[in-house]
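# Residue-level structure breakdown
Here is how the chains run, residue by residue.
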Amino acid sequence: MSATVLTPVAAEAQNSRAERAQQRYERLGERNQARVEQRQQREAVREQRQAVRQERQSVRQERPQRIEAPAPAPVQSAQGVEQRSAGNWRSGDRQRSGGDRNSGREAYRQRVQETREASQRSAEGLDPRYQRQAVRNQQRYEERLRDQRRDDRRDRRDDRRDWRGDRRDDRQDYRQARRWDRQWRNDRRYDWQNYRYAHRDLYRGGRYYSPYRNHSYSRLSIGFVLGSGFYGDQYWLNDPWQYRLPAAYPGTRWVRYYDDVLLVDTYTGEVIDVIYDFFW
């Protein structure tokens, strides 16, 4: 009589555990899917920024040149000197794009002052009409210089903004990697122990060679910080599913450490998860 009463109770408890496990698997799958979608959105935004920057650069290169009014030979000669000086200044400004901002501003002012003096000297003693034309030419030239300098500053700001956005995305991926859910052991898909008994040769890792001389095995725990040599690419498990392990988040890697296997943060070397006696 007692056995008859306990059997349905045990079956009901087993079904309840199975339902809870299934709910956990579904929640884990939803979280992973959300993370993948967020990462895809960030990549799309990054590509869009790159396309906008390239389009702005192509528009600037295709911008039509302003038509200058004809001028007498002496003024045209001075203008030719000014154009050559402008080309040299632009070339120098591109080389100084990563330099000090104050030095670039001082070079700009000096170049403007030099061209003004050259224009005034070329128009001395000429008809007042030619002198007014030289002044207008100088003003147009300085306006082109200001436009070019403004475009260069805008491009540098856009590059810095994109770089900061990429760094922010990397930090977000890094924070996601640190939120490692160690409940994956309750997932029957990752039952590596039973799988190992059926595939013994797969888990025979062979002899382990330490990256550091005279180093001996020590039992590591979660939170321990490894030297960079222990998680080099020669120790990576490139296909965790081959060993029935869950995929590592960005910024982390499953690595072999003697007969153990560790999940290591490749930015800091911190051990996030560990399985002892994983290999035979």
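Residues numbered from 1 in each chain as written. Predicted model: local features only at pLDDT ≥ 70, side-chain atom pairs only at ≥ 80, totals over all residues. Heavy atoms only, no water.

## Observations regarding the overall build of the protein
Counting secondary structure elements, the protein contains five helices and three strands. Taken from the N to the C terminus, the helices and strands of the protein come in the order α-α-α-α-α-β-β-β. Per-residue burial over the protein gives 32% buried out of 280 residues. The long-range fraction of contacts in the protein, counting pairs at least 24 apart against all pairs at least 6 apart in sequence, stands at 67%. Summed over all atoms, the accessible surface of the protein reaches about 19,000 Å², with 46% contributed by carbon and sulfur. (Helix = DSSP H or I, 4+ residues; strand = E, 2+ residues; numbered from the N terminus. Buried < 20%, exposed > 50% of the residue type's maximum accessible area, 1.4 Å probe, protein only. Contact = heavy atoms within 4.5 Å. Areas by Shrake-Rupley, 256 points an atom, 1.4 Å probe, with all protein chains shown as cover.)

## Things to note about the sheet that holds strand β1 (residues 252–257)
The three strands lie next to each other as β1-β2-β3, forming an open sheet whose pairing is antiparallel. Two strands close off the open sheet at either side, each with one partner strand: β1 and β3 (271–275). Taken pair by pair, the neighbouring strands of this sheet meet at an average axis angle of 20°, ignoring direction. As paired elements, strand β2 (residues 260–265) and β3 share four bridges and run antiparallel to each other. Within the sheet, the bridge partner assigned to Leu263 lies in β3 and is Asp273. (Pairing = 2+ DSSP bridges. Axes fitted to C-alpha atoms, helices over the stretch in contact; angles between N-to-C directions.)

## A short note on the environment of Asp239
Its place among the elements puts Asp239 in the loop between α5 (192–198) and β1. It is 9.0 Å that separates the C-alpha atoms of Asp239 and Trp254, two residues lying 15 residues apart in sequence.

## Focus on the nonpolar core
Within the largest apolar cluster, 17 residues are counted, with the highest numbers of intra-cluster contacts made by Trp184, Leu245, Trp254 and Phe278. For this core, the elements supplying multiple residues, two or more each, are α5, β2 and β3. Leu220, Phe230, Tyr231 and Tyr258 belong to the second largest nonpolar core, which has 13 residues in total. (Core = buried A, V, L, I, M, F, W, Y, C linked by side-chain atoms within 4.5 Å.)

## Section: a positive patch on the surface
Taken together, Arg17, Arg20, Arg24 and Arg27 make up a surface patch of like positive charges. Here Arg17 lies in helix α1 (residues 2–61). (Patch = residues over 30% accessible without salt bridge, like charges linked within 9 Å, V, L, I, M, F, W, Y side chains within 5 Å. Salt bridge = Lys/Arg side-chain N within 4 Å of Asp/Glu carboxyl O. Lys, Arg positive; Asp, Glu negative; His and termini not counted. Charge placed at Lys NZ, Arg CZ, Asp CG, Glu CD.)

## Considerations on unusual backbone geometry
Its identity as a non-glycine residue notwithstanding, Arg244 has a phi of 60°, on the positive side. Checked against the element boundaries, Arg244 lands in the loop between α5 and β1. Backbone geometry at Asp277 places phi at a positive 50°, although glycine is not the residue there. Inspection of the secondary structure assignment puts Asp277 in the segment after β3.

Just distances and angles here, no functional claims.
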